[in-house]
Amino acid sequence: MDPRRPIDPDTDKLHELADAARDKAAEAKHTAEDRSAEAALAATDLVDRARTHVIDAVERGEQTLPGPVAARGRRLAAAIREQPLPFALGALVGFLVLWRALRRSC
């Protein structure tokens, strides 16, 4: 009799069940990793397409706007890039004020 080998058939079944569960968990992990990688690629693609559309719109806008207005827009964009937090907070406050005003009017 080998002391490393269990005699009880139920113990063998439990080991098989544990191995099967381990295999399923590993498979689920790989599937989740694959799906998250696909989602990350899709998000990156979406951001790249949005960036391209924004750049195209800015170029079209600069062509149609008068020079001084376009220059002010460029200065504003540079200021937003340098300090985005105050502008983001201002946009959030503006959104909240507009939302409350529209909610009260309905």
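Residues numbered from 1 in each chain as written. Predicted model: local features only at pLDDT ≥ 70, side-chain atom pairs only at ≥ 80, totals over all residues. Heavy atoms only, no water.

Undergrad: Looking at this model, I keep getting lost on the overall build of the protein. Mind explaining?
TA: From N to C terminus, the protein includes three helices and zero strands. When the helices and strands of the protein are read in sequence order from the N terminus, they spell out α-α-α. Over its C-alpha trace the protein gives a radius of gyration of 30 Å, far above what one expects of a compact globule, namely 13 Å for 106 residues. With respect to the three principal axes, the spread of C-alpha positions in the protein is 95 × 40 × 25 Å. For the protein, with 106 residues in total, the buried portion stands at 1%. (Helix = DSSP H or I, 4+ residues; strand = E, 2+ residues; numbered from the N terminus. Rg over C-alpha atoms; globule rule 2.2 N^0.38 Å. Buried < 20%, exposed > 50% of the residue type's maximum accessible area, 1.4 Å probe, protein only.)

Undergrad: Which parts of the structure should I look at to understand the pattern of salt bridges?
TA: Pairing between side chains becomes possible if they bear opposite charge and their charged atoms approach one another. Under the counting rule described, the total for this entry stands at three salt bridges. Across the pair aspartate 45 and arginine 49 runs a salt bridge, and its minimum N-O distance is 3.4 Å. Separated by four residues within a single helix, aspartate 45 and arginine 49 lie in helix α1 (residues 9-64), roughly one turn from each other. Using a relative accessible area of 46% as the deciding quantity, one classes arginine 49 as partly exposed. When the shortest N-O distance is used, the salt bridge between arginine 51 and aspartate 48 registers 3.3 Å. (Salt bridge = Lys/Arg side-chain N within 4 Å of Asp/Glu carboxyl O.)

Undergrad: I tried to follow the environment of valine 58 on my own but got confused; where do I start?
TA: Structurally, the position occupied by valine 58 is in helix α1. A residue is classified by how much of its surface remains accessible, and valine 58, at 44% relative accessible area, is partly exposed. In the structure, valine 58 is positioned 15 residues away from glycine 73 in sequence and 9.8 Å away in space, judged by C-alpha atoms.

Undergrad: Help me out: how do you make sense of a nonpolar patch on the surface in this one?
TA: Taken together, the side chains of Leu85, Leu89, Leu92, Phe95, Leu96 and Trp99 define a hydrophobic patch exposed on the protein surface, amounting to about 630 Å² of accessible area. Within the element layout of this structure, leucine 96 appears in helix α3 (residues 84-105). (Patch = residues over 30% accessible without salt bridge, like charges linked within 9 Å, V, L, I, M, F, W, Y side chains within 5 Å. Areas by Shrake-Rupley, 256 points an atom, 1.4 Å probe, with all protein chains shown as cover.)

Undergrad: Is there a simple way to explain the environment of leucine 14 in this structure?
TA: By the element assignment, leucine 14 lies in helix α1. Sequence separation between leucine 14 and arginine 100 is 86 residues; the distance between their C-alpha atoms is 61 Å.

Undergrad: Help me understand the layout of surface pockets, please; the structure alone is not making it clear to me.
TA: To find leftover empty space, a probe the size of one water molecule is rolled over the atoms. One number sums up the size of the largest pocket: a volume of about 280 Å³. As for the largest pocket, its lining consists of Val58, Gly61, Glu62, Leu65, Val69, Ala70, Gly73, Arg74, Ala77, Ile80 and Arg81. Taken together, the elements giving at least two residues each to the lining of the largest pocket come down to α1 and α2 (67-82). Per element, the largest residue contribution to the lining of the largest pocket is seven residues, and it comes from α2. A per-class count over the lining of the largest pocket returns six nonpolar, two polar and three charged. (1 Å grid on protein atoms, 1.4 Å probe; cavity = no way out; pocket = protein on both sides within 12 Å on 5 of 7 lines; lining within 4 Å. Points joined across faces, edges and corners; volume = space filled by probe spheres on them. Nonpolar A, V, L, I, M, F, W, Y, C, P; charged D, E, K, R; others polar.)

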